[in-house]
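Secondary and tertiary structure notes
For reference, the chains in residue letters:
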Protein chains: 4
Amino acid sequence: MSVPVTIRDIRPADHAAWLTLWQGYLTFYKVSLPDSVTAMTWARIIDPVCPVFTRVATIDDAVIGFSTCIIHPRTWAVEPACYLEDLYVDETRRGIGAGRALIDDLLAMGRRDRWTCLYWHTNADNATARRLYDHFAPADGFVRYRLAITAPQ
Amino acid sequence: MSVPVTIRDIRPADHAAWLTLWQGYLTFYKVSLPDSVTAMTWARIIDPVCPVFTRVATIDDAVIGFSTCIIHPRTWAVEPACYLEDLYVDETRRGIGAGRALIDDLLAMGRRDRWTCLYWHTNADNATARRLYDHFAPADGFVRYRLAITAPQ
Amino acid sequence: MSVPVTIRDIRPADHAAWLTLWQGYLTFYKVSLPDSVTAMTWARIIDPVCPVFTRVATIDDAVIGFSTCIIHPRTWAVEPACYLEDLYVDETRRGIGAGRALIDDLLAMGRRDRWTCLYWHTNADNATARRLYDHFAPADGFVRYRLAITAPQ
Amino acid sequence: MSVPVTIRDIRPADHAAWLTLWQGYLTFYKVSLPDSVTAMTWARIIDPVCPVFTRVATIDDAVIGFSTCIIHPRTWAVEPACYLEDLYVDETRRGIGAGRALIDDLLAMGRRDRWTCLYWHTNADNATARRLYDHFAPADGFVRYRLAITAPQ
């Protein structure tokens, strides 16, 4: 039996539901962030002028997952790129297509709003996530270099 | 004998020198872009309000390489990330430290302007580039998924 | 007899028509701008990532006027403001409602995209323009202070 | 005797002091804003990626006033404009030069960061404010039209 998953824009009233999912997401990645970062991320998500946005997956009006993206200009195209930074589905709601529906939704937005591409990163050994991602296309052969920057004290 | 490489902001008067390097860079990647894209990229580079910026490497006042980056907000930090999209040094000027100086320069900017990180991608089998990058840190174990988006006609 | 004026987004192919109108607009204001400024303004207008945008008024597919706006965040509302910086109609096409149609179009965009307000400035003694503007609402009683800034040499 | 007023960037630790001044400022203008707007404005102010920024005036480390501005691109210059949306000094600290110091500070920032202009609006009959502003330059002869936009329900 198929469960109907609906994707929509996040709304200010989703704050509590988002916070629970966000903490689940950070726990999955074994990351702990200061409350000031979570507060800023929420503000960016609901700020209609900021290029960060979030779409949520719902079942029976309950928010069970989200995608958070950043639209940015690039140098190889006139149209912007969309960087999918965060994708998460409640662990108790896996396997019913919510992750796939969230990515399909972004591709539909991208066609409508004329992005040049949608991209994201994942750990090479995250087999579960890659099983989902490989439905869309294989990883593109690029690796990431990432240098943390520590401001002078 | 060490050759002094200087890094500075690009200026409108660098247009011709940039164009030659940009074409060399695209040729290296076997990419051909419409002139309208190159014109837009140049406009973004010299627009002081756009989050795309370019630094150039010079020897004796000749521009021999460049880095082009995009500053964007993210969700795991208050401070922005810097995405290094393009890095190139004239093929006849390799091996004198210009590539390394361009990355060092970005790290210094990041400390001054409080970015959270500097990141870039490279093809897993681009051994030449990775020899340079590995001086800074090894690739971080993440792979990239990237879906081209084709707008409806 | 009413002449049908159509309002639409500007397109790259409108460059020549826009340039003629832009020069007419600057001539009206007795302003001369360097070509580098006009080139940057055009690039901002057609850059889909830049918050500057232009709508054009057309009659029988000929571009006869334009509005250029900047979307920006503000402090008294969550939703952005839209600043109408430039509004112009070809002097030979006045009196057929193109100016009014361009402002009506912006108001419709604002309702759809949820801007908090649309605002613009005009010289207190520009009676012709104010006759048009007063159809929408009287000036709001605010005056403008504007200090030119000269960068150190 | 002159009282030393110092101007600096606002910091997250200034939240409580800012909130008191912000409420005083809104009370002065007889405006009441939802808490969600004040929360968003604070987030924009302390977000280093957002083009909204705040400078504060301090005396003996106490925050006694602020300026809040938005940097935006424009069409008549390559360099951005700076719109001073809010300027306020605690009513018990008037007359010691804090307002003037806040504007002088912005002019110095503008010369350093190469803005094309600094502008703001004030009610034509706000004689107290205009006495301060007229030290810099007279109002420039432009009036403002401003249409509130009400989104469809």
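The structure reproduced in this document is the subject of the present report.

Calculation notes
- Sequence order as written defines residue numbering, which begins from 1 separately in each chain.
- Note on labels: chains are lettered from A, ligands numbered from 1, in written order.
- Per-residue local features are limited, in this predicted model, to residues with pLDDT of at least 70; the limit for side-chain atom pairs, both in listing and counting, is 80 or more; totals at the level of whole chains, interfaces and linings are taken over all residues.
- Excluded from the side-chain calculations are hydrogens and water; all other atoms, namely the structure's heavy atoms, are used.
- Strands are runs of DSSP state E lasting at least two residues, helices are runs of H or I lasting at least four, and both sets are numbered from the N terminus onward.
- This radius of gyration counts C-alpha atoms alone. The globule rule is 2.2 Å times how many residues there are, raised to the power 0.38.
- By definition in these notes, contact holds between two residues if any of their heavy atoms fall within 4.5 Å.
- Reported accessibility uses the Shrake-Rupley method at a 1.4 Å probe radius. Residues are deemed covered only where the shown protein chains occlude them.
- Under this rule, positive means Lys or Arg and negative means Asp or Glu; His and the chain ends count for nothing.
- Where a charge lies is defined by one atom per residue type: Lys uses NZ, Arg uses CZ, Asp uses CG and Glu uses CD.
- By definition here, a salt bridge exists when the distance from a side-chain nitrogen of Lys or Arg to a carboxyl oxygen of Asp or Glu is within 4 Å.
- N or O atoms within 3.5 Å of each other form a polar contact, as long as, within protein, one can give a hydrogen and the other can take it, and as long as residues adjacent in sequence are counted only when both atoms are side-chain atoms.
- The angle between two axes is taken between their N-to-C directions and runs from 0 to 180 degrees, where each axis is a line fitted to C-alpha atoms and a helix contributes only its stretch in contact.
- Small angles under 35 degrees read as roughly parallel and large ones over 145 as roughly antiparallel, with 65 to 115 read as roughly perpendicular and the rest as oblique.
- What makes a crossing left-handed is the near helix being turned counterclockwise from the far one by less than a right angle; a clockwise turn instead makes it right-handed.
- Classification convention: Asp, Glu, Lys, Arg as charged; Ala, Val, Leu, Ile, Met, Phe, Trp, Tyr, Cys, Pro as nonpolar; all other residues, Gly among them, as polar.
- Summed over both partners, the accessible area (1.4 Å probe) lost when two parts come together is defined as the buried area.
- The superposition of copies rests on a least-squares fit of C-alpha positions from residues with pLDDT of 70 or more in both.
- Pairing of aromatic rings covers Phe, Tyr and Trp, the last counted by its six-membered ring, and requires centre-to-centre distances within 6.5 Å; plane angles under 30 degrees mean stacked, over 60 mean edge-to-face, and any other angle means tilted.
- Only protein chains enter the accessibility calculation, which uses a 1.4 Å probe; a residue whose area is less than 20% of its type maximum is buried, one above 50% is exposed, and one in between is partly exposed.
- Comment: the charge-over-ring label is applied if NZ (Lys) or CZ (Arg) is within 6 Å of the ring centre and within 35 degrees of the ring normal.
- How far a helix is expected to stretch is found by multiplying one less than its residue total by 1.5 Å.

**Quick word on the overall build of chain A**
Looking only at helices and strands, chain A has 4 helices and 6 strands in total. Taking 15 Å as the expected radius of gyration for a compact globule of 153 residues, we find that chain A reaches 16 Å, a close match to that expectation. For chain A, the C-alpha atoms occupy an extent of roughly 50 × 35 × 35 Å along the three principal directions. For chain A, long-range pairs separated by at least 24 residues make up 58% of all intrachain contacts whose partners lie at least 6 apart in sequence. Total accessible area computed for chain A in this model is approximately 7,200 Å², and 52% of it derives from carbon and sulfur atoms. Averaged over its 16 positive side-chain charges, chain A has a centre that lies 3 Å from the centre of its 17 negative ones.

**Considering the interface of chain B and chain A**
On the side of chain A, 60 residues touch chain B, which itself brings 60 residues to the contact. At the junction of chain B and chain A, the tally comes to 4 salt bridges. Arg74 of chain A is the partner of Glu85 of chain B in a salt bridge, and the nearest nitrogen-oxygen pair spans 3.1 Å. Applying the counting rule to chain B against chain A returns 35 residue pairs in polar contact (both at pLDDT 80 or more). Those elements giving two or more residues to the side of chain B that touches chain A turn out to be helix 1 (15-28), helix 2 (35-46), strand 3 (62-72), strand 4 (81-89), helix 3 (98-113), strand 5 (117-123), helix 4 (127-133) and strand 6 (142-148) of chain B.

**Brief notes about the packing of helix 1 (residues 15-28) of chain D against helix 2 (residues 35-46) of chain D**
Residue and element names in this part refer to chain D. Two numbers describe how helix 1 lies on helix 2: the axes approach to 12 Å, and their chain directions differ by 130 degrees. Judged by the inter-axis angle, helix 1 sits oblique to helix 2. Every pair of crossing elements has a handedness; the one defined by helix 1 and helix 2 is right-handed. Across the interface between the two elements, His15, Trp18, Leu19 and Trp22 from helix 1 touch Thr38, Thr41, Trp42 and Ile45 from helix 2. Taken together, the residues that form the contact of helix 1 with helix 2 break down as 5 nonpolar, 3 polar and no charged.

**Quick notes on the interface of chain A and chain C**
On the chain C side, the residues contacting the 9 residues of chain A number 9 residues. Surface buried jointly by chain A and chain C totals about 530 Å² across both partners, of which 85% is contributed by carbon and sulfur atoms. It is Pro48, Val49 and Val78 of chain A that lose the most area in chain A upon contact with chain C, and together they represent 66% of the buried surface on that side. Taken together, the links from chain A to chain C amount to 0 salt bridges. Its residues placed into classes, the side of chain A that touches chain C shows 6 nonpolar, 1 polar and 2 charged.

**Here's the deal with the side chain of Thr75 of chain A**
If you trace the backbone, Thr75 of chain A turns up in the loop between strand 3 (62-72) and strand 4 (81-89). At 2.5 Å, the side chain of Thr75 of chain A forms a polar contact with the side chain of Asp86 of chain B. Excluding residues that lie within four positions of it along the chain, Thr75 of chain A makes contacts with Trp22, Leu33, Val37, Thr41, Val52, Thr68, Glu85 and Asp86 of chain B.

**Describing the relation of the copies chain A and chain C**
The two copies are related by a screw motion: chain A maps onto chain C through a turn of 180 degrees and a shift of 0.0 Å along the axis, at an RMSD of 0.0 Å. Interpreted geometrically, this transformation is the action of a two-fold axis. In terms of proximity to the rotation axis, the leading residue of chain A is Pro51 of chain A, whose C-alpha is 5.5 Å off the axis. In this assembly, 100% of the residues forming the interface of chain A have copies in chain C that are likewise at the interface, indicating an isologous arrangement.

**Re the relation of the copies chain B and chain A**
Superposing chain B onto chain A takes a rotation of 180 degrees combined with a translation of 0.0 Å along the rotation axis, leaving an RMSD of 0.0 Å. The fraction of interface residues of chain B whose copies in chain A are also interface residues reaches 100%, indicating that both copies meet through the same surface.

**Brief notes about the packing of helix 2 (residues 35-46) of chain A against helix 2 of chain D**
Contact geometry of helix 2 of chain A with helix 2 of chain D gives a least axis separation of 10 Å together with a crossing angle of 110 degrees. Between helix 2 of chain A and helix 2 of chain D, the crossing angle belongs to the class labelled roughly perpendicular. Two secondary-structure elements touch here, helix 2 of chain A through Met40, Ala43 and Ile46 of chain A and helix 2 of chain D through Met40, Ala43 and Ile46 of chain D. Of the residues that constitute the contact of helix 2 of chain A with helix 2 of chain D, the class distribution is 6 nonpolar, no polar and no charged.

**Quick word on the packing of aromatic side chains**
In total, this model carries 68 aromatic pairs over all chains according to the counting rule given. With centroids separated by 5.2 Å and ring planes inclined at 65 degrees, the aromatic side chains of Tyr145 of chain A and Tyr133 of chain B adopt a geometry described as edge-to-face. Of this pair, Tyr145 of chain A sits in strand 6 (residues 142-148) while Tyr133 of chain B is found in helix 4, placing the two residues in two different chains. Grouping residues by exposure puts Tyr145 of chain A and Tyr133 of chain B together as buried. Through successive ring pairs, a cluster of aromatic residues spans Trp18, Trp22, Tyr25, Phe28, Tyr29, Trp42, Phe66 and Tyr88 of chain A together with Trp76 of chain B. The side chain of Arg100 of chain A reaches across the aromatic face of Phe136 of chain A, ending 6.0 Å from its centre.

**Quick look at helix 1 (residues 15-28) of chain C**
Residues and elements named next belong to chain C. The end-to-end C-alpha distance of helix 1, which contains 14 residues, comes to 20 Å, matching closely the 20 Å that a straight helix rising 1.5 Å per residue would cover. Turning to helix 1, its buried residues number three or more, namely Trp18, Leu21, Trp22, Gly24, Tyr25 and Leu26. Of the surrounding secondary structure, the elements contacted by the buried residues of helix 1 are helix 2 (35-46), strand 3 (62-72) and strand 4 (81-89).

**A word on the pattern of salt bridges**
Enumeration over the complete set of coordinates arrives at 28 salt bridges over all chains. Its salt-bridge partner being Arg8 of chain B, residue Asp14 of chain B comes within 2.9 Å of it at the nearest N-O pair. Grouping residues by exposure puts Asp14 of chain B and Arg8 of chain B together as buried. Between Arg55 of chain C and Asp9 of chain C there is a salt bridge whose closest N-O contact spans 3.0 Å. Here the residue Arg55 of chain C occupies a position in strand 2 (residues 52-59), and Asp9 of chain C occupies one in strand 1 (residues 6-9), the gap between them amounting to 46 residues. Residue classification places Arg55 of chain C among the buried residues on the basis of a relative accessible area of 12%.

**As for the environment of Thr122 of chain B**
Within the secondary structure, Thr122 of chain B sits in strand 5. On the accessibility criterion, Thr122 of chain B (1% relative accessible area) is buried. Not counting chain neighbours up to four residues away, the residues in contact with Thr122 of chain B comprise Gly141, Phe142, Val143 and Tyr145 of chain A together with Ala129, Arg130 and Tyr133 of chain B.

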